[in-house]
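For reference, the chains in residue letters:
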Amino acid sequence: MENAKHCQSCYMPMGKDEDFGKEKDGSQNADYCQYCYVDGKFTSNETYEEAVESNIQFWKEEGDKSDDEARERIKAVFPTLKRWKVA
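In this report, the structure presented in the accompanying data block is examined. In this text the structure is predicted, and so the values were computed from the model without any measurement.

**What to know about the overall build of the protein chain**
Thought 1: Along the protein chain, the regular secondary structure elements total 2 helices and 6 strands.
Thought 2: Element order for the protein chain, N to C, with α for helix and β for strand: β-β-β-β-β-β-α-α.
Thought 3: Rg of the C-alpha trace for the protein chain: 13 Å, near the compact-globule value of 12 Å for 87 residues, within the 12% margin.
Thought 4: Along the longest, intermediate and shortest principal axes, the C-alpha atoms of the protein chain span 40 × 30 × 20 Å.
Thought 5: Out of the 87 residues in the protein chain, the part that is buried amounts to 31%.
Thought 6: Put simply, of all contacts in the protein chain between residues at least 6 apart along the chain, 34% involve residues at least 24 apart.

Printed below as a string of structure tokens:
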């Protein structure tokens, strides 16, 4: 999936049509994944800090990374994403 886009909320790779979120009319949203964006809105109203914590489990690599290591990697990437970018 080296050419995959990444969700601009959670950074999940989106390489297949079914990975992308959907607008209210059923059309594909190009920026957000199926887990973060459904029916034209975000699936969660969590804050940035809550999003960091809720994504730790997905960012741990094969069980060899600690929560702290995953948290630091997330905090390096999330501020560059559309949803979390500070203007």
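**Structural notes on the environment of Asp-67**
Thought 1: For Asp-67, the location among the structural elements is in helix 2 (residues 67-77).
Thought 2: Once the C-alpha coordinates of Asp-67 and Ile-56 are considered, the two residues, 11 residues apart in sequence, prove to be 6.3 Å apart.
Thought 3: Non-local contacts of Asp-67, meaning those with residues more than four positions away in its chain, are made with Ile-56 and Lys-60.
Thought 4: Among the polar contacts made by the side chain of Asp-67, one reaches the side chain of Lys-60 at a distance of 2.8 Å.

**Overview of the packing of helix 1 (residues 48-59) against helix 2**
Thought 1: Packing of helix 1 against helix 2 leaves a shortest axis separation of 9 Å and a crossing angle of 125 degrees. Taken together, the axes of helix 1 and helix 2 lie oblique to each other. Two packed elements cross with a definite hand, and for helix 1 against helix 2 that hand is right-handed. The residues of helix 2 that touch helix 1, namely those facing Tyr-48, Glu-49, Val-52, Glu-53, Asn-55, Ile-56 and Trp-59, are Asp-67, Ala-70, Arg-71, Arg-73, Ile-74, Lys-75 and Val-77.
Thought 2: Grouping the amino acids of the contact of helix 1 with helix 2 by side-chain chemistry returns 7 nonpolar, 1 polar and 6 charged.

**Here's the deal with the pattern of salt bridges**
Thought 1: In this structure the tally under the stated criterion is 5 salt bridges.
Thought 2: The partner of Lys-82 in a salt bridge is Asp-31, and the shortest N-O contact between them spans 2.6 Å. Here the residue Lys-82 occupies a position in the segment after helix 2, and Asp-31 occupies one in strand 4 (residues 28-33), the gap between them amounting to 51 residues.
Thought 3: On the basis of relative accessible area, Lys-82 is assigned to the partly exposed category, the value being 49%.
Thought 4: A salt bridge links Asp-67 to Lys-60, with the nearest nitrogen and oxygen atoms 2.8 Å apart.
Thought 5: Residue Asp-67 is classed as partly exposed on the basis of its relative accessible area, which comes to 36%.
Thought 6: Note on Lys-60: relative accessible area 32%, which makes it partly exposed.
Thought 7: Overlapping salt bridges bring together Glu-53, Asp-68 and Arg-71 as one network.

Cut-off values and rules
- Residues numbered from 1 in each chain as written.
- Predicted model: local features only at pLDDT ≥ 70, side-chain atom pairs only at ≥ 80, totals over all residues.
- Heavy atoms only, no water.
- Helix = DSSP H or I, 4+ residues; strand = E, 2+ residues; numbered from the N terminus.
- Rg over C-alpha atoms; globule rule 2.2 N^0.38 Å.
- Buried < 20%, exposed > 50% of the residue type's maximum accessible area, 1.4 Å probe, protein only.
- Contact = heavy atoms within 4.5 Å.
- Polar contact = N/O pair within 3.5 Å; in protein donor to acceptor, adjacent residues only side chain to side chain.
- Axes fitted to C-alpha atoms, helices over the stretch in contact; angles between N-to-C directions.
- Parallel < 35°, antiparallel > 145°, perpendicular 65-115°, else oblique.
- Left-handed = near helix turned anticlockwise from the far one by under 90°.
- Nonpolar A, V, L, I, M, F, W, Y, C, P; charged D, E, K, R; others polar.
- Salt bridge = Lys/Arg side-chain N within 4 Å of Asp/Glu carboxyl O.

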